[in-house]
Amino acid sequence: MISIFKLYRIGFGFLFVLSLVGELSANPCGSFVTSFEKPITLTSDWLFRKGDNLDWRDESIEESFWVKRSVPDYGISKTENLTGYHWYRCSFVLPENYSNPIEPIAIQLGRIRDIDEFYLNGTLVDKTGSVLPKLDVNFQKMRIYSLPTHLLKPGLNVIAIRIFAATNLNGLKQAPIIAKERSLREAVFLKEVFAMVCGYVFIFMGMYFLVGSIVRGRTGENFFFALFSIFMGFYVLIRTQHRDILFENFTWSYVTELLVLICLPSFFINFLHQYLKIKRNLVFLAYEVFLVALFVITLFFRNPKTWILVIALFNYLLPVALGLVVYLFWKNGKENIAKIRYILIGIFCLLPTILMDSLSALEVISLPGTIYFGFLLFLVMISVQLSNDMVLGLQNFMEQEKELIQMERVKTGFLINLSTEFKSGMEKISSAIEGISKPSTKVQTKQVPAKKGKQKSKEKKVEKIQGDPIKRAEDHILYMSYMVDEALLLKKLEEKSYIPFYESILVKELIHNCVSSIETHLDQHRKNVEIEVNPDKLEIFFPKELLFCVLRNLIENAYIYTDPKTAISIEFFNRDGFHNLIVIDEGLGLSQIEMETIFQKFVRGYKEKKTDIPGAGIGLTLVDVTTKFLGGTVQLKSQEGMGAKFTVRFPIRSPK
């Protein structure tokens, strides 16, 4: 961007230097011209006369009624109405030994309002536009007319310019220059090359965001910015030599230029409304109605006077659009300044160039090219902002996709774990049923009488471990129902549709029942489980289903993640208006990372082989959700290799 700015500044300085050189080498009419190798700028002693007479094109005329002027003199008369025909005449002298130049010679008259005819030594050389049979104006074309060598002669040569002004804007905008035709046309092209490059950049930029808005399904801010950028690029190209390439008729080219210009403020304000996610206001609607009216007037009243009126109204109410933009930023941009910082920079770069272009359109000043550079900075800044938003959106999309993939993996793991649990339960139930249908037979072995006592003791021990097969089958079925019930309970608690049923509970009895169920399911009969309830016969008023759910999951985790030889402590007491449940184990413990995520759904604790861990991954989630549902808290203290301590506190509720 810095390099573009430097190039533009260098180019503008070069044009400024050329203009200075032109001023220094200015020649009055009647000058003696020895050669056309250097440009000849005719600036003074021009003859001017209002009115029309084709005899004024001749080489010799009565000059008494002609006024001498210096050019450029565009708009010099503010009081006299010069609408219609007026003439300019000038002469130069060639030497007697004059010979035709090798390269073609031409004269550059610049842009003229509105129709002109150029004569050399009384002969029509070229013209732009026509008055009859239909008014056909062209005040944007750069007049460069070739000077036929057969019309140039030694001695006095007279040039005459016949101009028809359809409005009160008249005169010559620049001093005519006679030089090599190739150099004149190259200078015009080089003067417009920056604008043409900007125009194509704007269009390609808009097409990029337009395709992006369609592909990504976003028809809001990107769509309106794309239209704004494309129309801006088209507007810039029309104001260069592309006008003659794109259109055969100047009238329609200028009408199109004005229509495109009228659409630009509406597109930009709609872009801001979409980007800042705000509603339209009455001022904006009124301004859009005004733009629609200008659009219709321009489309159906195609004449120079209407164009001047439309441009004046557009520029006079342009501050309204700028005010709306400032208002939108002021009202909605303060809380999300990071979202619009590049757009603000672009607007600050654009405002001075808009002012200059408006003054140029009103023909108060002439600073061509500044608007292109301003809009280039402006559109680049908005593109950076929108591209940044698109990158952030893509990053968020990728993160969401990553989270969805992770969630799918977790859910898959949950289903696998759940299936494993059911499979294990069914195998244990099947084993218990086989034990019922096929009672064990006595093993016949030769035994020494002294060893019979030991054998009977061993058999009794095995029977004690195995227990009643029907009871074991019932326990496994009950455990499997716990898993289903807890999954449904978690769903109800998350949806806040669960209605608790409070009842009187003997805490110690409930804890013993919970421990017995877990030991039966896991085939672990530990002697190092310490249960302490204070007082021993404590009875509380509490939802039995929820308390059992919390007990079962905390105690089961202590069994699962510890070695059968390690101790487990379960403590329950009342203090300061809260029921307190503490479960302590001396197992593997948890890392800091695991502690941050252990209460999340489907997240499971670490073990060397995760497939060896019974459960579905919702136990601690259910503990956390249940505790919060009852207005309590759950705390975890743990360290790798040092075991874990869960502290759950529920507010005490008295029976009615």
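Analysis parameters
- Residues numbered from 1 in each chain as written.
- Predicted model: local features only at pLDDT ≥ 70, side-chain atom pairs only at ≥ 80, totals over all residues.
- Heavy atoms only, no water.
- Salt bridge = Lys/Arg side-chain N within 4 Å of Asp/Glu carboxyl O.
- Helix = DSSP H or I, 4+ residues; strand = E, 2+ residues; numbered from the N terminus.
- Buried < 20%, exposed > 50% of the residue type's maximum accessible area, 1.4 Å probe, protein only.
- Disulfide = S-S within 2.5 Å.
- Phe/Tyr/Trp six-rings, centres within 6.5 Å; stacked < 30°, edge-to-face > 60°.
- Lys NZ or Arg CZ within 6 Å of the ring centre and 35° of its normal.
- Pairing = 2+ DSSP bridges.
- Axes fitted to C-alpha atoms, helices over the stretch in contact; angles between N-to-C directions.
- Contact = heavy atoms within 4.5 Å.

(A) Seen up close, the pattern of salt bridges. On inspection of all chains with the given rule, the structure shows 17 salt bridges. Note that glutamate 117 and arginine 162 form a salt bridge whose closest N and O atoms lie 3.1 Å from each other. One end of the pair, glutamate 117, is in strand S8 (residues 115-120); the other, arginine 162, is in strand S11 (residues 155-165), and 45 residues separate them in sequence. The pair glutamate 117 / arginine 162 is uniform in exposure class, with both members buried. The shortest N-O distance in the salt bridge between lysine 508 and aspartate 536 comes to 2.4 Å. On the criterion of sequence distance, the pair formed by lysine 508 in helix H13 (residues 507-522) and aspartate 536 in the loop between strand S14 (529-534) and strand S15 (539-543) is long-range, its members being 28 residues apart. For lysine 508, a relative accessible area of 23% puts it in the partly exposed group.

(B) Examining the state of the cysteines more closely. By the definition in use, this model includes one disulfide. Across a sulfur-sulfur distance of 1.9 Å, cysteine 29 and cysteine 90 are joined as a disulfide pair. Torsion about the S-S bond of the cysteine 29 and cysteine 90 cystine: about -120 degrees, corresponding to left-handed handedness. Placement of cysteine 29 in the loop between strand S1 (26-28) and strand S2 (31-32) and of cysteine 90 in strand S6 (residues 84-94) is noted, with a sequence separation of 61 residues between them. Exposure class is identical for cysteine 29 and cysteine 90. Each is buried.

(C) Representation of the packing of aromatic side chains in the model. One pass over the structure, following the stated rule, counts 26 aromatic pairs. Pairing tyrosine 85 with phenylalanine 164 gives two aromatic rings, centres 4.9 Å apart and planes at 65 degrees, and the pair type is edge-to-face. Taken together, the residues span a long stretch of sequence, with tyrosine 85 in strand S6 and phenylalanine 164 in strand S11 at a distance of 79 residues. Residue classification places phenylalanine 164 among the buried residues on the basis of a relative accessible area of 16%. Pairwise contacts between aromatic rings join Trp56, Trp66, Trp87 and Tyr119 into one cluster. Here the basic side chain of arginine 113 rests over the ring of phenylalanine 139, its NZ or CZ set 3.9 Å away from the ring centre.

(D) View of the sheet that holds strand S17 (residues 578-585). Strand order in the open sheet formed by five strands is S14-S16-S17-S19-S18, with mixed pairing between adjacent strands. Every other strand in the sheet has two partners, leaving S14 and strand S18 (633-638) as the edge strands with one partner each. Going across the sheet, the axis of each strand differs from the next one's by a mean of 10 degrees, ignoring polarity. Note that S18 and strand S19 (residues 644-651) share six bridges and pair antiparallel. Within the sheet, the bridge partner assigned to serine 638 lies in S19 and is alanine 644. Its contacts with the sheet place H13 against S14 and strand S16 (568-575), and it is angled at close to 160 degrees to S14. Sheet strands in contact with helix H14 (residues 544-560) are S14, S16, S17 and S19, and its direction is about 20 degrees off that of S17.

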